[in-house]
Amino acid sequence: MNLSNGARESAAAQAAVSVKNVSMRYDDFYAVRDASFDVPKGKFLTILGPSGSGKTTLLRLIAGFGKPTSGEIFIGGQPVSAVPPHKRVIGMVFQKLALFPHMTAAQNVAFPLKMRRHDARTIADQVERYLELVKLGGFGSRRIHEMSGGQQQRVAIARALVFEPDLLLLDEPLAALDVKLREEMQLEFRRIQKELGVTTINVTHDQREAMVVSDEVIVMNDGLIQQRANPVAAYRTPQNAFVANFIGVTNFLEGPATSVSGNEVAFRCAGHELSGISVGSGPEIKAGMSCSGAIRAEQIRVAAAPEKLADLTFRFPGEIIDAIFEGERMVYEVNVAELGGVSFRVFDHDPIGHTQFLPGERVLVGWNPKDMHVFGNNHSPN
Ligand SMILES: Nc1ncnc2c1ncn2[C@@H]1O[C@H](COP(=O)(O)OP(=O)(O)OP(=O)(O)O)[C@@H](O)[C@H]1O
């Protein structure tokens, strides 16, 4: 969609946060390069990317810890480059929670209100309300060092929100927690954010977390925004091979495009012509261009007998290299000699209902062209 200048300015004014052409350079190295995006009021946006992709740098610039080398950040429609962090009305939760360990939960939550010189009655009411919100009603007099990791996390959330900031920034606050607690807290973040309607920007390298908590996701690599989309669109229609590889588990076949017709490509891999494949949503593909064909692990099926794969267009013999039972799914590694010895990762989400294969077994793998996306190789997966 193309917005006119006027429409774009008015969209930016309505946005809680607007990042415009922001770059951050250290000597001759760009940690963030020409980033532009808006976060609408009340939305939960996650910046997702591998280590070193520039996520934290971007979040710190929004918080006011450092000034962009170029570009401008607007909060509530106002440019903030000249506004120090303590004058930005922002709640923050980082991986290191920085709670006061010998104070009680209530004293920790009260701290931002005391700094803002609220009266004792207001402080007591707000502290009680926010401890209730994070399901710690009745825990106010407990000291931090007497609380579990999850409870401490909740105190940190209450402290970040108690002064009712315009914006909540989260920098991998769940990274140190064990898996079960992390998953529980992801849902808690989502619930609290929806209940309060506070605009939230979250930073993580955990793609599952990004999918669970966010209204929108920005995927970053090497300081550059690769795609901005809602979680379903980022998963279903990745913009390039990097995004396809980073979100979910994706297998790649390499080879040249042999023909392009509308939204379909034919593509040659190890002497096999694979036709009718969807064009990925990235740059235009031309015949002869070197390409990557991407197929998700759950879109490939494994079977011993060809009739079990009769509904699939592409079928190749393979050998099971590894078979891992993960409870709710089987994960197979299958070597496909006919496709240049590529190793496919395949998920079977019905491990109880289906035959389970063992390493060394000869099988067939199959998938349909509509489930494969081809990207031009100026966006390599690695
Ligand atoms: N103060 C600095 N001086 C020089 N380089 C820096 C500085 N801060 C960050 N960088 C570099 O900028 C790049 C992006 O760093 P950043 O911390 O934003 O990445 P990240 O995506 O948050 O990674 P992680 O998930 O590991 O925290 C990295 O290569 C990092 O080494």
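Just above, that's the structure.
Because the structure is a prediction, the values reported are computed rather than measured. (Residues numbered from 1 in each chain as written. Predicted model: local features only at pLDDT ≥ 70, side-chain atom pairs only at ≥ 80, totals over all residues.)

### Side note on the sheet that holds strand β18 (residues 342-348)
Okay, so step 1: Strand order in this open sheet of five strands is β15-β19-β16-β17-β18, and the pairing throughout is antiparallel. Edge positions in the sheet fall to β15 (301-303) and β18, since each has one partner strand and no second. Taken over all neighbouring pairs, the strand axes of this sheet differ in orientation by 45° on average, direction set aside.
Okay, so step 2: Note that β15 and strand β19 (residues 362-367) share three bridges and pair antiparallel. Bridge pairing links V302 to V365 in β19. (Pairing = 2+ DSSP bridges. Helix = DSSP H or I, 4+ residues; strand = E, 2+ residues; numbered from the N terminus. Axes fitted to C-alpha atoms, helices over the stretch in contact; angles between N-to-C directions.)

### A closer look at the packing of helix α3 (residues 105-115) against helix α5 (residues 149-161)
Helix packing for two helices is described by the angle between their axes and how far apart those axes are.
Okay, so step 1: For the pair α3 and α5, the least separation of the axes is 7 Å and the interaxial angle reads 25°. Classified by the angle between their axes, α3 and α5 sit roughly parallel to one another. Crossing hand, α3 versus α5: right-handed. Two secondary-structure elements touch here, α3 through A105, N108, V109, F111 and P112 and α5 through V155, A158 and R159.
Okay, so step 2: Partitioning the contact of α3 with α5 into residue classes produces six nonpolar, one polar and one charged. (Parallel < 35°, antiparallel > 145°, perpendicular 65-115°, else oblique. Left-handed = near helix turned anticlockwise from the far one by under 90°. Contact = placed C-beta atoms within 7 Å. Nonpolar A, V, L, I, M, F, W, Y, C, P; charged D, E, K, R; others polar.)

### Focus on the environment of E146
Okay, so step 1: Within the secondary structure layout, E146 lies in the loop between α4 (120-133) and α5.
Okay, so step 2: What makes E146 exposed here is the crowd of 12 C-beta atoms within 10 Å.
Okay, so step 3: Sequence separation between E146 and H86 is 60 residues; the distance between their C-alpha atoms is 30 Å. (Buried ≥ 20, exposed ≤ 12 C-beta atoms within 10 Å, placed from the backbone.)

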